[in-house]
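Letter by letter, the chains look like this.
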Amino acid sequence: LDLSSGWDNKNQNHAFVKDAKGYFNKTEFTVLLYVNRSGAPGASEVNDKSVAMTIGSGENALRLLTLSDKFGYGGDNGGVSNHFISLEGIEGSGWNSVAMTYQEKDGQNGSVVIYANGQKVGEVADVGFKLSQMENPEAVLGRSFNTNYMLTGRYDNIVVLGSSLDETTACAETAWRRWRK
């Protein structure tokens with residue numbers, strides 16, 4: 001999937017995940033994908049709005065890999081997440097092999113661990129909501145909800161697993177996928 005438009009106020013030019021409810025309305029899953037971002041990484045509000053993949057709703061979402069090398073979660077203000085963590089180990093240019101595991105442990109809110117290129121790069125113990133209880137979660141590639149900014153670049157080999165990979169497996173898988181690319 002190639003996304004070349006950095007701005008879209010017509011809600012098009014990005015990819016919707018069909019049957020997002022079937023994939024993400026669960027207590028655990030893993031997303032694996034390749035991302036080759038074509039913008040200029042760095043800290044800015046626009047880069048915080050430009051997201052590789054968003055899962056959830058307009059009220060609460062997981063925002064995987066912003067152009068500013070962050071993971072955003074929870075609500076947002078005009079597409080900028082209310083909560084962020086920095087993702088160390090993301091390559092500024094070229095392909096990144098990324099995995100995100102999601103789990104709701106013992107009935108608690110969801111937790112997320114992010115891996116890239118063979119290493120753990122971020123973790124959030126409590127994202128503040130449960131995807132398993134969302135009525136109609138959505139998932140999109142290349143943009144966040146509530147904004148017109150898009151993350152330009154290439155996306156490839158997107159896989160959703162119905163279980164949460166352990167750290168050893170996720171690191172090995174992202175390392176292997178990075179080597180293959």
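Residues numbered from 1 in each chain as written. Predicted model: local features only at pLDDT ≥ 70, side-chain atom pairs only at ≥ 80, totals over all residues. Heavy atoms only, no water.

A. Expanded view of the pattern of salt bridges. Counted according to the given criterion, the structure contains five salt bridges. Asp48 is the partner of Lys70 in a salt bridge, and the nearest nitrogen-oxygen pair spans 3.3 Å. Placement of the pair is Lys70 in strand β6 (residues 70-77) and Asp48 in helix α2 (residues 45-49), with a sequence separation of 22 residues. Here Lys70 matches Asp48 in class, with each residue buried. Two residues, Glu123 and Lys120, come together in a salt bridge whose shortest N-O distance is 2.7 Å. Under the relative-accessibility criterion, Lys120 is labelled partly exposed at 34%. (Salt bridge = Lys/Arg side-chain N within 4 Å of Asp/Glu carboxyl O. Helix = DSSP H or I, 4+ residues; strand = E, 2+ residues; numbered from the N terminus. Buried < 20%, exposed > 50% of the residue type's maximum accessible area, 1.4 Å probe, protein only.)

B. Fine view of the nonpolar core. In terms of nonpolar packing, the biggest core is built from 34 residues, with Ile55, Leu62, Leu64, Phe71, Met100 and Ile114 touching the most fellow members. In terms of residues, this core owes the most to one element, strand β3 (residues 28-37), which gives four residues. Ranked by size, the runner-up nonpolar core spans seven residues in total, among them Leu32, Ala99, Leu165 and Ala170. (Core = buried A, V, L, I, M, F, W, Y, C linked by side-chain atoms within 4.5 Å.)

C. Molecular detail of the packing of aromatic side chains. For the structure shown, the criterion picks out five aromatic pairs. Seen from their ring centres, Phe29 and Tyr102 are 5.0 Å apart, and the 20 degrees between their planes marks the pair as stacked. With Phe29 in strand β3 and Tyr102 in strand β8 (residues 96-104), the pair connects residues that are 73 residues apart, well separated along the chain. Judged by its relative accessible area of 0%, Phe29 is buried. An angle of 20 degrees between the planes, with centres 6.0 Å apart, marks the rings of Phe71 and Tyr73 as stacked. The rings of Tyr23, Phe24, Phe29 and Tyr102 are connected pair by pair, giving a single aromatic cluster. The ring of Phe84 carries the charged tip of Lys70 above its face, separated from the ring centre by 4.8 Å. Positioned above the aromatic ring of Tyr34 is the side chain of Arg177, whose terminal nitrogen or guanidinium carbon lies 4.8 Å from the ring centre. (Phe/Tyr/Trp six-rings, centres within 6.5 Å; stacked < 30°, edge-to-face > 60°. Lys NZ or Arg CZ within 6 Å of the ring centre and 35° of its normal.)

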